[in-house]
Every structure is written in structure tokens, then in C-alpha cells.
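What follows is the residue order along each chain.
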Amino acid sequence: MSVGTNGIGKPVSRIDGPAKVTGRAKYAAEFSAPDLAYGFVVSSAVAKGRIKSIDRSAALAVPGVIEVFAHDNRPSLPSSHEKYTDQVAAPGSPFRPLYDGEILFSGQPVALVVAEELEIARFAASLVDIRYETEATVTDLDMRIDQAFEPEKKRAPEWDPPARGDVDSALSRAPTNIRTEYRTPVEHHNPMETFASTAVWENDGRLTVYDKTQGAPNCHEYLCSVFGLAKDKVRVLSPYVGGAFGAGLRPNYQLFMAALAAIGLKRSVRVTLTRQQMFTLGYRPQTLQTLTLGAENDGRLVALKHDAIANTSRFEDYQEPTVVWSGALYPCDHSTVTSRLARFDLFTPCDMRAPGGAVGMYALESAMDELSYAVGVDPLELRLKNYSERDQNYGKPISSKALRDCYLQGAERFGWSKRRPEPRSMREGRELIGYGMATGIWEAFRVPTSARAILAPDGTLEIACATADIGTGTYTILAQIAAEMLGLPLDKVIVKIGDSDLPSAPVEGGSWTAASAGSAVMEACDGLRKELLKRAGAVSNAPLRGVNLADLTWVDGEIRMTSDPSRAMLLSEALLGLNGPITSEVSSAPDEQVLQEYSHYAHSAVFAEVRLDEELGMLRVARVVSAVAAGRILNPKTARSQILGAVVGGIGMALHEETVIDHRYGRFMNHNLAEYHVPVHADVHAIDVIFVDEQEHRLNPLGVKGVGEIGIVGTAAAIANAVFHATGVRVRDLPITIDKRLELRQPTSNHAA
Amino acid sequence: MIDFDYVRANDVGDALSQITKHQAAKFIAGGTNLIDLMKEDVEQPTRLIDITGLPLNEIHETQTGGLKIGALVPNSDLAYDERITKRYPLLSSANLAGASPQLRNMASTGGNLLQRTRCLYFYDTATPCNKRRPGSGCGAAEGFNRMNAILGWSKSCIAVHPSDMCVALSALDAVVNVAGPKGDRAIKSTDFHRLPGDTPEIDTNLARDEIITAIELPSEEFRRHYSYLKIRDRLSYAFALVSVAAALKIEAGAIKSARLALGGVAHKPWRAPDAEQSLEGKQPDRKAFVQAADIILQGAVGFAHNRFKIELARRAIVRALEQAAAGTPQSQSVKVIV
Ligand SMILES: Cc1cc2nc3c(=O)[nH]c(=O)nc-3n(C[C@H](O)[C@H](O)[C@H](O)COP(=O)(O)OP(=O)(O)OC[C@H]3O[C@@H](n4cnc5c(N)ncnc54)[C@H](O)[C@@H]3O)c2cc1C
Ligand code: SF4
């Protein structure tokens, strides 16, 4: 099975774009149903303790209020935590909403007010009087360092690669040693669309739920398990998702609430979260990371230690791959990487764009930068000196790795050679200029996924797969792949996704969708090809009789012999006389042997220029060049958008994003988009994306690696390194705000003079 | 969010009689601040009196050679009005430093004056706040206080007034025209906002049953030597950590008069007459500017997360004065600081 470059590889605009910009694309909160009721969630004001009493009389007295659900009057629910688990759950005991009066985190949903109108529900929610018994909370990492622990149950054992060599004695021998500590804060995903679920109660007792999720099948399983419903009684749809960044991987509590109320009331119910409530969901955990590097005088690494402590909740051991990259990337005979957890009285963290990678590589690549100054080797040169063709953790070859080209092409485009080595050595007028760079690496996954392709007699091709498009371009690339396979124009392809009734797919995450759903669609279309060839061969005097599938090219509505294009047949001819559609459905899975033998990563090299006013510290990221090696690029336009968005995320991570916690209340305090800063237009300047040529032949038939996350990995480090180069001030805790840049945290006398 | 009803006022008299009749009513103009606060149950008016139909949306010349800006003139109209951009560029610039284009289109001049603090605890009913619930304590004092005051604060409240426009109005000695049941009166913009003292729940000297009708700008314009410099955590669409409105009159190489107002540092736009006087008669140079900065920042005391603002303010004041003196005001669209 092979693909050409007819539909694939073209910078096609999103096929769902017109529907989105004209408002025809419907999101979870936009679906309606007859007699729809509205739920509003009451959030806990305290972070730990238990509910002493709930007085709902004032709320129930409001005309139009239907019910106030809480733990004391809810429909029956399973007690076993396992029933509340899901495909992406962290090891532990998943949160059971409204199960009992126990408070586990601030903002915990404690009641749902259901009313005839949203406004009534929201008003009545303010009248529900809840009294709590409170306990002291811990949300301060510094108070938990001593109790940091290795989780008993690993989310993925391969994230803790074995130690190699004898790192301590190698460090003591190494001519150059650096040991540094980095901190990254809690961040919230904050997609534009807030979470919402519209649960439609069908007359026959079935439940159809429109949900904002990255995995309709995951939510479907969750609902069946929690509410004890038969699989065919529930359907979850998420046709359009207004961004998610990982926040929609696990079922969120608005889904539970909408379903609970719909089942309890036998009525359709919609629950939408407010922006403030978005800060009560999962988040990127806080980390404290210690990096120790030992190197020869020329910069070659001899020893590396990376220890990370990240927070989790009281009830789940959320883990992410933070240190695994440090073990994998650079050749180094002596290495130990470890990760531990600290318990906080917060909700469980969840995957956020490049979980672990974004923060772990910030630390590693900052430390590499510090090493470059310590040994006096240019940062890019240092990476090239420590280049490896093998995965150092497991000694495996890498399926493909064009990182060197990323370094070289990125540096060329950026003008890295103009960099002067000393900090504070480049300026223009009042502005200091800094150049920084970093490496990015992210897993190139492929996971089992099913897909169906249905070719109608009129030549229309329908593709079906339960996966989601969270704004990434999934609709478009699946259409391109299908069009390519059968030689059809793009507008002959209809893509159906985001529906638990469709052939099953895992959550849309991990940058695996292009490789996984893409391969499934390709294989499903290959099934159609076989069937079509059979039909084509059966036509009397057929030009393609006796020809093998491998010898054919499918292009421009024609099936042609590759070596002799005169032997061809119109696709429509092969469909003549067909009474019904031809269907091909596949379950597609990666080649386990390949995964055993090879490691598989996407890579990048990120270069950043910052400019800042020396006296005032106002800073802008003037340029970023992100050179990415991610196998075949299916659509340079949507792929570039992924990198652009991720680079902006990286700018935010470096300079702006931080959810602050008041430890006295165990509560996130800047819970709105005025105070939780992400970059705005004025913060985003030139971003240049390069996709270097990388031939990937093993991981999947498409040769793709996925580009959803690699763009954020390394970006924060490149910017932080540029800030150091500009100022000579090394800030080791993100975000690098103005006070840290200027070292202004303590009052100093008359600097301005 | 509270259940409220909604009425429209036909004219100023109608608005006043409505607000007098209904104790828990509030005026609503652009709604960009009030609605946010209502959603969070911070403000709980049971009636909204929509004043957007009142004839207060024009800018007129005054007899004393200044301008009178109707309370309902949108922030964006104000910022781009030719009379403002030519004659009072400091006010235009400060306006453009605030919020986003969409918000400025909605926001009114009167509403901007009355916008409330962005203190995180004020916004969160699960935490204590003397401004929101007198006597409940100040969550910020020992909490997260990066955005809070360094000047003029009290034990009961360390909040800042977040407006940019008001900093320029203060520097320009604008006057706020108000109408009330007892008739019209004028309040100097420097007296409009107040310090928190023991009653942080009261932001301004406007009575509950009064309405802002206009802002008057005096004839002194500062067309040439001015700058509005706003330092914030991102390059647009963030409230000021520190902002400086600087305006100078320079004659024969010496400063004839000076205005200096700070935003983001206190419960009101901060002015210090002695700092301004210290500049008079001086050469417009860095030495004079540093001295003025030191005077205006006298007595500044910060908290755990905002001490840096003192030094930052000092540097920003010097720079804004330099920009003003050089006639190279800070641009609000090009983010490079000159
Ligand atoms: C995300 C965000 C960012 C922002 N950033 C900035 C910024 O950087 N700088 C900045 O300066 N501002 C900023 N703002 C605030 C914005 O400027 C104010 O919200 C706006 O000016 C308020 O005007 P309004 O007409 O919408 O007021 P409304 O919300 O309608 O009213 C505010 C208050 O004023 C009262 N009121 C309104 N008009 C009158 C009147 N004529 N007489 C008596 N009372 C009246 C109302 O009763 C209410 O109490 C921001 C706002 C948001 C939401
Ligand atoms: S500073 Fe003022 S507004 Fe903020 S918590 Fe304290 S009293 Fe409330």
C-alpha cells in the first residue's frame, strides 16, 4: 500500500473552515432539544473538609427551579472508584462527583441546580447555602519536598528508564559540573470554548450527549460505567471542539452532571461551565526539577542527573514523561533520571500540550545552555557535539531522526552565526538583544484505531472514525488521505468523526491522530481499492484485468497502470451497475515488532530572539524559528498552524502563564482570562516554521509523526536562554516576568541614576 | 448571579429619580465591568438602569477653551476624536493603553472612572475582602498581592484603581461633572477617587444617587511634551503594574510646569504636587527626573509580591519624563519603548 502526493502534502485549507466561520458548525452547548432544562454547577468555596449542611430551600423557592442535586439527594451511583475510571485516568481513585460530602479540592462541584432557564439556574445556584467543616490544606511544593514519593503504580513504566553507569563518580571526575534547579508553575489549558454537555433524553430512554471532548468513545464508556447503562443506550457526539489542549482528554464533570440530571429528571439537560469553573478542571502540574550535568572541557556530556517533583492530587497519582527525554536525547554514559510526586489538596492534574515534555525539556535545555557558557562552547555547537543517532535510554535505533537538519536549517534561517557569545553583548539603542536556542523532542506514537470507508455508487466517499478534531485539522487530513487513496477530488469526500457510534478510536491526544486515524483511513480505503480492482477486472475487455493492486495509480477519478497509463479505467466505470455502496472497515494497529526494535520521536530545533529595554525590562520575542522533523507533512498549512499555535503556547509558558495558588485557601486565584495571561497579538511577532525533509518508513504506512505538540517543546527554553543571553540574568522559574528579568524582587536604591 | 430587572432611563432627570426610588439599583453603561462583577456575585443590584440612551455622548468646546466629554462617549471614540488626539494627546494615549479595542468600543467615559479594582480577592466571593464585604478582612495583604498598592494603602485595603484613562485625567486636572437629586456639582478628578482608609468599600466621592454627566478638560493641553508609559505583564491587554502620565511645559530650555501621575500603584491615580514643583525651573534632564521620581515615591511600601514596583515605578517615571521632554511620547501601537 502506498500513497502519492496528489491530495496529500498540499496546503489545503480546512474543509470545516467555512462551517466554523459562518457559525454552521455546532458546538456542544449549541445543540438543543425539546423541553431542554439548564443546569448550573455550584462550586465548593473550600478546599478540604466536608459538607455539614445544604440548605436548598431558597433555591427551590425560585420559580422555574426544577431540582437541586447534591450528594444527599442524588440518584443512586456506584461507590467503586473504578467505575469512574476512563482511558486516560491516572492510577488511583477517580473523583466521584456528588458521591458524598467529602471535599477534595477548591471549586469541587458540590451541587447542580436545574431550572427552566440558564439565568434562573445561575441565580438559584447563588442561593444554595452550603456549610462546610474545613481542614487545613497543603498546596505549597516547598512544604512537600520531603514527602515526595515514587508512585506505586506507574502510568507508563517506560517513562522511568533505567539508570546507566555510575553517575556520581562520573560527576566527581568530570572537569565541568553544573547543578541547577528549575521551577515551572501550574498552568491551565484555557481553550476558548468552555466545557459543556447537552444531554438529550430520548423518548425511548436512550441518552444522546453532545459533549466537548477529545474522545467521544472514552466519554461513552464512562457514562455507561458510572450510570450502569447498556452501550446501545448511550451515544456521545463531539463534532466540533473549540480547542482543548488536553483539557478534554478525560471526561469532565459537566458531562457527569448533565447525564445525572437527564437521567434523574428524564428530561434533556445542558450544563455549561463558566470561565472561572474552567480553573477547577485538570491543569499542568507544578514542577521542581534538578539538573546536574558533568561534561568534558569540550562540552561532551559524561554524566547527567535529572530529578523532577511534580504535584498530584490526594486521590490520583498523575504522572507525565518529564525526565525520560533527558535520558534519551544526548549520548552520555552515566545517567540517572528520576521523577517523584507531591500530594496537594488540588484536583488531579491532566495532560496539557506535550505533558512532561514541555516542562522537562525546558529544564534540560536550560541546563544545556548553562553548560554552554560554563565550557565556552556555542549552544548550537554543544548540541551537535552531543548528537546521537540512538535512543540513549534503551540503546535502540531511532526509526528516523532528522534533528541535525533541524539544527542546521533552523540556524541558517535564523542567522545564528550573527550571535555574539557573551551575554549582554548585543544591543540596539536602549534594547538588549538575546539569541537563544533549544532542542525539542516528542514521542511519535501510533495507537490502535478503527475506520470505515463507504463508497457510494455516485462516487461519493464517506469516511467514518470516532476520533475528534480539536481544531487541529483532523477533518481535513483524513479527507486528503481518502481522496489520495481513491484519486477523488476533495469535495467528493465526506468525513464523519466525533461520534461514539462510529468505528472506535482512542482520545485525540499525544499527537497520534494523524498517524493512527490517518493509517486506519488509509487501510479502509485500501480495502475499497481491492474491491474496486476486483470489479474493474471483471468488466469484459477490461484494461485492468489481471493487474496487481501495487501496480496501480489512483488519480483524477481514474485507475491507471503506473507503468502504462494508457491502461486505465474511470472510477465511475468500475462503479457502473453498483446497486449499493461498497464498505470497507478496518481495525488498524501499529507493528509491535517495529515498536520493540525502534524508538520513535519527532524532533525540533527552536531559535528565539528577544529584545528588551534594559532599564524597564519590557520584553518582546521578536522572532522564533522552529525547525521541525516530523516525517511526512500531510498538509503544510494545517501543520504549520499547529506549530504556530504551539510556539505561541511556548511564548506564554516562558513569559506569561501561571495559575497562582493562595496556599491559605488551597485555591487558584487568577481564575479568569484578564488575570491568567496568555500571549496576545502584541506579544507574538515573527514565527517561522520549517519542516525539514524526513523519510519515515517504519512507524505507519503514511510516514507521518504528528505535529500537535512538538512545537511547544523547547520553545520556552529557547526564549529563557535568549533572555539570559540578552541580560546576563538567569531566571530559573517560569514564567519570566518583569520583576525576575530585572532582579527587582527586592527593593534597591536608585538604579535609574 | 442575582435576579435583576432592567429599565431604561430617558434623560438625566429620569435616571436620577429611578436611582433614588430603588435602593439596590445601579446604572449600567457599557457593562464591561458591571456585568463581570454581577456574574461573580460581587455586585448584586436588583435593578439595572440603562443610561446608554441619555444624550451624553458628545464632545463639546467649553467657554474656557477646554473640552467637555459626555459621560457616555465610548473610550474608543474619545481616543480617536481629532480634538483629543490633537489637543490632549496624553488622554488619547492613555485610553489606547487600556483594555482591548472591543472593550474600548463598549466602555464609556463615565464607566471607566467607576470601574472597580481588579484585586483577585475582590473578585472571589470565597475569600475575604473588606472592599467587597466590610469587616471580612483583606485577603490580599498576606496573599497574592503582585497587582496591589505601594502608596496610600491602609490596613484594611491595599487595592489599586486599575484605570489608565483616569491617570491621564488626573494629570490634566480634569473635572468630573455630576448631577444628583440636590443639583449639579463638579468634582476635581484628583478628588474623585479616594484612598481606602477604614472604608475601602467606598471607591469614590460620588454619591450613590448621583450620575456622572461629563468630564471637563481645562484649557491647558500639553500638546507637545507628554507621554503615557504603561508597564505590564504582557505587551497589550493587561492592567498596569505601573503606569506614568507625564506632561511638561518647557520654555527656553527649562521646565515651566510639570504634571506627573501614576497608575497601578494606589487606590487612586497618584499625584504629588511637590514632585511636580521640584521640576519647575529645572533643566529637563535625568537628574531632575530622578529627583521627582524619588519625591513622588516617598513613603512607598510594598508587600511580598509587589515590592519590585517601587523601583520599577522609579525607572518608568524617569523614562516617561524623558520621553515627554524629548517630544517622543510612548506609542501605544508600536510596543518598542523609546
Ligand atoms: C478584560 C478587561 C481588561 C481591561 N483592561 C483595562 C485596562 O488595561 N485599562 C483600563 O483602564 N481599563 C481596562 N478595563 C476596564 C474597562 O476600561 C472598564 O470596564 C470600562 O471602562 C467600564 O466602562 P463601562 O461603560 O462598560 O462601565 P459599566 O460596566 O457599565 O459600569 C461600571 C460602573 O460604573 C457605573 N456607571 C457607569 N456609567 C455611569 C455614569 N455615567 N454615572 C454614574 N455611574 C455610572 C455603573 O453603575 C457601574 O457601577 C478592562 C476590562 C476588562 C473586562
Ligand atoms: S486589597 Fe482591598 S480589594 Fe483586595 S482583598 Fe484587600 S480589601 Fe479587598
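Treat the numbers as computed from the prediction; the structure is a model and nothing was measured.

Enquirer: Whenever I open this one, the overall build of chain B confuses me. Can you help?
Expert: Check the secondary structure of chain B and you find 12 helices and 12 strands. If you take every contact in chain B between residues at least 6 apart in sequence, the share linking residues at least 24 apart comes to 64%. For chain B, the exposed area adds up to about 12600 Å²; of that, 51% sits on carbon and sulfur atoms. Across chain B, the centroid of the 41 positively charged side chains sits 4 Å from that of the 37 negatively charged ones.

Enquirer: Looking at this model, I keep getting lost on the sheet that holds strand 10 (residues 242-251) of chain B. Mind explaining?
Expert: All names here are of chain B. Pairing in this open sheet of four strands is antiparallel, and the strands run 9-10-11-12 from one edge to the other. Edge strands, defined here as strands with exactly one partner in the open sheet, are strand 9 (225-231) and strand 12 (270-271). Looking at chain direction, strand 9 and strand 10 are connected through seven bridges and run antiparallel. Counterpart to tyrosine 226 in the pairing with strand 10 is alanine 247. Running over the sheet, helix 12 (residues 308-326) touches strand 9, strand 10 and strand 11 (254-263) and is turned about 35° from strand 10.

Enquirer: Please clarify how the site of ligand 1 should be interpreted in this entry.
Expert: Neighbouring residues of ligand 1: 34 residues in total, closest Phe27, Gly31, Thr32, Ser108 and Asp164 of chain B. Around ligand 1 the close residues trace back to chains A and B. At 3.3 Å from an oxygen atom of ligand 1 is found a side-chain nitrogen or oxygen belonging to lysine 26 of chain B. The contact in question runs from an oxygen atom of ligand 1 to an N or O atom on the side chain of lysine 230 of chain B, over 2.9 Å. The fraction of the free accessible surface of ligand 1 (970 Å²) that becomes covered by protein chains is 95%. Broken down by secondary-structure element, the contributors of at least two residues to the shell around ligand 1 are strand 2 (25-28), helix 2 (34-39), helix 7 (109-114) and strand 8 (211-217) of chain B.

Enquirer: Where do I start with the domain arrangement of chain A in this structure?
Expert: How big an interface is tends to be stated in terms of the accessible area lost upon association of its parts. All names here are of chain A. Here chain A is partitioned into domain 1 (17-24 + 447-589), domain 2 (31-135 + 191-274) and domain 3 (284-445 + 596-742). Put simply, the middle of domain 2 and the middle of domain 3, counted by C-alpha atoms, are 37 Å apart. On the domain 3 side, the residues contacting the 20 residues of domain 2 number 17 residues. Where domain 2 abuts domain 3, roughly 1400 Å² becomes buried across the two surfaces, and 57% of that area is made up of carbon and sulfur atoms. Here domain 2 is connected to domain 3 by two salt bridges. With its nearest N and O atoms 2.8 Å apart, the salt bridge here joins glutamate 316 to arginine 250. Along the contact surface separating domain 2 from domain 3 lie five residue pairs in polar contact (both at pLDDT 80 or more). Of the residues assigned to the side of domain 2 that touches domain 3, the class counts are 12 nonpolar, six polar and two charged.

The rules behind each value
Residues numbered from 1 in each chain as written. Chains lettered and ligands numbered in written order. Predicted model: local features only at pLDDT ≥ 70, side-chain atom pairs only at ≥ 80, totals over all residues. Heavy atoms only, no water. Helix = DSSP H or I, 4+ residues; strand = E, 2+ residues; numbered from the N terminus. Contact = heavy atoms within 4.5 Å. Areas by Shrake-Rupley, 256 points an atom, 1.4 Å probe, with all protein chains shown as cover. Lys, Arg positive; Asp, Glu negative; His and termini not counted. Charge placed at Lys NZ, Arg CZ, Asp CG, Glu CD. Pairing = 2+ DSSP bridges. Axes fitted to C-alpha atoms, helices over the stretch in contact; angles between N-to-C directions. Near = heavy atom within 4 Å. Polar contact = N/O pair within 3.5 Å; in protein donor to acceptor, adjacent residues only side chain to side chain. Domains from an automatic or database assignment. Buried area = accessible area lost by both parts, 1.4 Å probe. Salt bridge = Lys/Arg side-chain N within 4 Å of Asp/Glu carboxyl O. Nonpolar A, V, L, I, M, F, W, Y, C, P; charged D, E, K, R; others polar.

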